[in-house]
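Chains, contacts and geometry: an overview
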Amino acid sequence: MARITIIETGQVPQKYRDQHGSFPDMFERMVRTEDPTATVDVVSIPNGDALPDPGKLEAVLITGAAAGVYDGLDWIAPLEDFVRTAYANKTPMVGVCFGHQLIAQALGGTVRKSEKGWGIGRHVYRVLPENGVVDGEEVAIAASHQDQVIEPPNDALTILSSDFTPHAGLLYANGTTLTVQPHPEFDVEFAEVCCALRDGKAPEDVVATARASLAEPLDSAKLGGAITRFLTKRTAT
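Residues numbered from 1 in each chain as written. Predicted model: local features only at pLDDT ≥ 70, side-chain atom pairs only at ≥ 80, totals over all residues. Heavy atoms only, no water.

An unreviewed UniProt entry annotates the protein chain as Type 1 glutamine amidotransferase originating from Bradyrhizobium amphicarpaeae.

So, in structure tokens, the structure goes:
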């Protein structure tokens, strides 16, 4: 039975939490869709939980957050130390959105706010052939970000990419670290919430296009399943 520790780095706004759940709730649903027997533990940084010893964990998943990894908040440096220790220990580790960026920064990459602006709605990413984790030629996943990994660490291979987000998925040389910019844990309804949250912040045409894009199907289950198998080291059937 797999045991995954979710590091919650940001919180769903309270007005949406009752209906959609927290980010760990979303990830737990994603994981259990692929592996109903998995056990999920949550370490919540916003709630003041202390980071555990990575050496005692079976697998780690770091969530998204509204913060930027370059913001200098007092919990970011300890989390980067946690990432470097987990990486050295080859603890299976996945980062999504903020988690993707935080792991890249911790391991020597460059992250900043992109001049391309907001990436919201349904985005389609090219899949690197024969990467060993994600099958197919492309995946369509909900996105919600301004920041991007501009330069990946030397140890990272880009396996998901688009014109808007050139380094949307990274597979690391230690074989146990995988990160993605988009959100396979989001369903269509919460992706629509993310569009609504950008009203007045992103250009009107960007928000309108993002909303319209969500009428097309998402490959959330495909990427979510790949992530779950990566964390539990089960092969696809």
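**Quick look at the nonpolar core**
One finds Leu61, Val94, Val134, Leu160, Leu178 and Ile227 to be the most contacted residues of the largest nonpolar core, which totals 31 residues. Within the residue set of this core, elements represented by two or more residues are strand 1 (3-8), helix 2 (23-34), strand 4 (93-96), strand 6 (119-127), strand 7 (138-145), strand 9 (156-161), strand 11 (177-180) and helix 7 (220-232). Contact partners of Leu61, with chain neighbours within four places excluded, come to Ile4, Thr5, Ile6, Ile7, Phe27, Met30, Val94, Ile227 and Leu231. (Core = buried A, V, L, I, M, F, W, Y, C linked by side-chain atoms within 4.5 Å. Buried < 20%, exposed > 50% of the residue type's maximum accessible area, 1.4 Å probe, protein only. Helix = DSSP H or I, 4+ residues; strand = E, 2+ residues; numbered from the N terminus. Contact = heavy atoms within 4.5 Å.)

**Some remarks on the sheet that holds strand 6**
An order of 2-1-3-4-11-10-9-6-7 is seen for the nine strands of this open sheet, with the pairing classed as mixed. In this open sheet, the two strands that pair with only one neighbour each are strand 2 (39-44) and strand 7. Each strand of the sheet is rotated relative to its neighbour by a mean of 25 degrees, with strand direction disregarded. Taken together, the three bridges between strand 1 and strand 3 (residues 60-62) define a ladder with parallel strand orientation. Bridging from a neighbouring strand, Ile7 pairs with Ile62 of strand 3. The strands touched by helix 2 within the sheet are strand 1, strand 2, strand 3 and strand 4, with strand 1 carrying the most contacts at an inclination of about 155 degrees. (Pairing = 2+ DSSP bridges. Axes fitted to C-alpha atoms, helices over the stretch in contact; angles between N-to-C directions.)

**What to know about the packing of helix 2 against helix 7**
Two elements in contact, helix 2 and helix 7, have axes whose closest approach is 8 Å; the angle formed by their N-to-C orientations is 80 degrees. Considering the angle they form, helix 2 stands roughly perpendicular to helix 7. Side by side, helix 2 and helix 7 meet where Met30, Val31 and Glu34 of the first sit next to Gly224, Gly225, Ile227, Thr228 and Arg229 of the second. Partitioned by chemical class, the residues of the contact of helix 2 with helix 7 number three nonpolar, three polar and two charged. (Parallel < 35°, antiparallel > 145°, perpendicular 65-115°, else oblique. Nonpolar A, V, L, I, M, F, W, Y, C, P; charged D, E, K, R; others polar.)

**Details of the pairing of strand 7**
Strand residues, when the strand is regular, have side chains that alternate between the two faces of the sheet. Where burial is concerned, most of strand 7 is hidden: seven out of the eight residues are buried. Pairing between strand 6 and strand 7: eight bridges, direction antiparallel. Across the sheet, residue His123 finds its bridge partner in strand 7, namely Ile141.

**Here we look at the UniProt feature "domain: Glutamine amidotransferase" (unreviewed entry) in the protein chain**
The UniProt entry lists residues 55-187 under the feature "domain: Glutamine amidotransferase" (unreviewed entry), expressed in the numbering used here. Split by type, residues 55-187 is 17% helix and 35% strand. Its first and last C-alpha atoms lie 32 Å apart. (UniProt positions renumbered as here; feature names shortened; annotations may be inferred.)

**With respect to the side chain of Glu8**
Among the secondary structure elements, Glu8 is positioned in strand 1. Although Glu8 is buried, it makes no salt bridge; Arg17 carries the closest opposite charge, 6.4 Å away. Leaving out residues up to four positions away in the same chain, Glu8 has contacts with Ser22, Pro24, Val42, Val43, Ser44, Ile45, Pro46, Asn47 and Thr63. (Lys, Arg positive; Asp, Glu negative; His and termini not counted. Salt bridge = Lys/Arg side-chain N within 4 Å of Asp/Glu carboxyl O.)

**Some words on unusual backbone geometry**
Positive phi outside glycine occurs at Cys97, with the angle close to 55 degrees. The topology assignment puts Cys97 in the loop between strand 4 and helix 4 (98-106). On the accessibility criterion, Cys97 (6% relative accessible area) is buried. In this structure, Glu130 takes a positive phi of about 55 degrees despite not being glycine.

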